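Listed below are the residues making up each chain.
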Amino acid sequence: LGKELHIYREVSSTNSIAKQMAKSGAREGTIVISGTQSAGRGRMQRKWFCPPGKGLLLSMLLRPKISVQFIPQLTLLTAVVVAETIKKVTGCTAGIKWPNDIYINNKKVCGILAETSFSRTNVEHVIIGLGLNVNLNTDQLPPDCKDTGTSLSIELGQRVSRISLLKQFITSWDEHLQSFMKEGHPYLRSKWLENNVTIGKKVSINKRDGSLDGLAVDVSEKGGLIVRLSDGSLQEFLAEDVSLRNN
Ligand code: ATP
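The text that follows walks through the structure, step by step, so that each part is easy to find. (Residues numbered from 1 in each chain as written. Predicted model: local features only at pLDDT ≥ 70, side-chain atom pairs only at ≥ 80, totals over all residues. Heavy atoms only, no water.)

1. Brief notes about the pairing of strand E10 (residues 225–229)
- Among the 5 residues of E10, 4 are classified as buried, and the element is accordingly described as predominantly covered.
- Strand direction decides the pairing type here: strand E9 (residues 210–219) and E10, joined by 5 bridges, are antiparallel. If you follow alanine 216 over to E10, its bridge partner there is valine 227.
- The sheet contact formed by E10 and strand E11 (residues 234–237) spans 4 bridges and is antiparallel. By the bridge assignment, leucine 225 is partnered in E11 with phenylalanine 237.
- Between E10 and E11, which pair antiparallel one after the other, the connecting turn spans 4 residues, and glycine 232 there sits at a positive phi close to 95 degrees. (Buried < 20%, exposed > 50% of the residue type's maximum accessible area, 1.4 Å probe, protein only. Helix = DSSP H or I, 4+ residues; strand = E, 2+ residues; numbered from the N terminus. Pairing = 2+ DSSP bridges.)

Okay, structure coming up:
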């Protein structure tokens, strides 16, 4: 990962730039980084904000040879790598909230967004973007996220080097990807379970047609969340269909 690295001061979104590069044949593992984004995206048309130079805004281009239904595993793998990166560089314990957020002390420090392009039934490429709050102070968090968001510097009380985070992210990605390719879902599941803050918690699943309460019990091979509903049945939810609140 990162043998080819494109660094910008400002772009619309790093995922959009990486997607353009993918279409013009950029190599697997290409990374796009930007100091800020004018149109950073989250899931479901939500926005991701970061003031210039304060975050690690990064997208990577992957050309995985796995079938479409397993692509969400790559989001889970990215979350494991981000949690490890934060731990190794800062010593802070970060937890993964299914499917795509990283939390420290119950506050969101990083969001992850995977976008897949298909040709017929084949996966052409996957772009995985992350927005990690590194050196933002509380006033620099988006107004509606001041109570729910945090940054590494807020948690540590000191600045953190974005270059160190980038280097560690690349090293950890290569290591975990190699093990994942060899051992598959059991490897991913065990690493994800070690680092998550969702399993064992009561959750509300918000679907387009209403919400359901249950207990999060496991993560599936499709990267879905397995929940025990109040009637005792187990149901799998996929990230594209739902959003989740820890109760
Ligand atoms: P879910 O919890 O269902 O994954 P989400 O609300 O976490 O949904 P994301 O797509 O992960 O959605 O991220 C977008 C949301 O993150 C925005 O709606 C906003 O509330 C919040 N957000 C945006 N920028 C930041 C930031 N720099 N730090 C923390 N939170 C942010």
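Continuing now.
2. Remarks on the pattern of salt bridges
- Going through the model one piece at a time under the given rule, you end up with 5 salt bridges.
- The closest approach of N and O atoms between lysine 88 and glutamate 84, which form a salt bridge, is 3.8 Å. With lysine 88 and glutamate 84 both in helix H2 (residues 72–90) and 4 residues apart, the pair spans about one turn of that helix.
- Residue lysine 88 is classed as exposed on the basis of its relative accessible area of 52%.
- Between arginine 189 and aspartate 218 there is a salt bridge, with the nearest N and O atoms lying 2.9 Å from each other. Remark: aspartate 218 occurs in strand E9 and arginine 189 occurs in helix H5 (residues 185–195); sequence separation between them is 29 residues.
- Among the residues examined, aspartate 218 registers a relative accessible area of 19% and is labelled buried. (Salt bridge = Lys/Arg side-chain N within 4 Å of Asp/Glu carboxyl O.)

3. Comments concerning unusual backbone geometry
- Between tryptophan 98 and the following residue, proline 99, the backbone shows a cis peptide bond with an omega angle of 0 degrees.
- Relative to the helices and strands, proline 99 is located in the loop between strand E4 (95–97) and strand E5 (101–104).
- Phi is positive for methionine 44, close to 50 degrees, though the residue is something other than glycine.
- Among the structural elements, methionine 44 can be located in the loop between strand E2 (31–37) and strand E3 (55–62).

4. Overview of the site of the ligand
- Taken together, 17 residues sit near the ligand, with Arg43, Arg46, Asp101, Lys108 and Ser243 positioned nearest.
- With respect to the detected pockets, the ligand is housed in the largest pocket.
- In terms of residues, the shell around the ligand owes the most to one element, strand E12 (residues 243–246), which gives 3 residues.
- Its residues assigned to classes, the shell around the ligand comprises 5 nonpolar, 4 polar and 8 charged.
- Residue-level mapping places the shell around the ligand at the junction of two domains, with at least three residues from each of domain 1 (5–195) and domain 2 (202–246). (Near = heavy atom within 4 Å. 1 Å grid on protein atoms, 1.4 Å probe; cavity = no way out; pocket = protein on both sides within 12 Å on 5 of 7 lines; lining within 4 Å. Sits in = over half its atoms within 2 Å of the grid points. Nonpolar A, V, L, I, M, F, W, Y, C, P; charged D, E, K, R; others polar. Domains from an automatic or database assignment.)

5. Let's talk about the environment of serine 117
- Turning to its location among the elements, serine 117 is positioned in strand E6 (residues 107–119).
- The exposure class assigned to serine 117 is buried, which follows from its relative accessible area of 14%.
- With 10 residues separating them in the primary sequence, serine 117 and isoleucine 127 have C-alpha atoms 8.4 Å apart.
- Beyond its immediate chain neighbours, meaning those up to four positions away, serine 117 contacts Asn122, Val123, Glu124 and His125. (Contact = heavy atoms within 4.5 Å.)

6. Quick look at the layout of surface pockets
- A volume near 790 Å³ is recorded for the largest pocket.
- Forming the walls of the largest pocket are 38 residues, and the residues nearest its centre are Arg46, Lys47, Trp48, Asp101 and Lys108.
- Secondary-structure elements contributing two or more residues to the lining of the largest pocket are helix H1 (14–23), E3, E5, E6, strand E7 (122–133) and E12.
- For the lining of the largest pocket, a count of residues per class yields 14 nonpolar, 15 polar and 9 charged.
- Summarising the domain contributions, the lining of the largest pocket has at least three residues from each of domain 1 (5–195) and domain 2 (202–246).
- Its boundaries defined by the atoms lining it, the second largest pocket holds a volume of some 610 Å³. (Points joined across faces, edges and corners; volume = space filled by probe spheres on them.)

7. A word on the nonpolar core
- Judged by nonpolar contacts, the single largest core of 54 residues is most densely connected at Ile86, Trp98, Ile102, Leu132 and Leu152.
- The element best represented in this core is H2, accounting for 9 residues.
- The residue makeup of this core includes at least three contributed by each of domain 1 (5–195) and domain 2 (202–246).
- Core analysis: the next-biggest nonpolar cluster, separate from the first, contains 9 residues, Ile17, Met21, Ala22 and Ile127 among them. (Core = buried A, V, L, I, M, F, W, Y, C linked by side-chain atoms within 4.5 Å.)

8. As for the packing of helix H4 (residues 162–183) against H5
- The geometry of H4 relative to H5 is characterised by a closest axis approach of 6 Å and an angle of 135 degrees between their N-to-C directions. Considered as vectors, H4 and H5 are oriented oblique to each other. Contacts between H4 and H5 involve His176, Ser179, Phe180 and Glu183 on the former and, on the latter, His185, Pro186, Tyr187, Leu188 and Lys191.
- Partitioning the contact of H4 with H5 into residue classes produces 4 nonpolar, 3 polar and 2 charged. (Axes fitted to C-alpha atoms, helices over the stretch in contact; angles between N-to-C directions. Parallel < 35°, antiparallel > 145°, perpendicular 65-115°, else oblique.)

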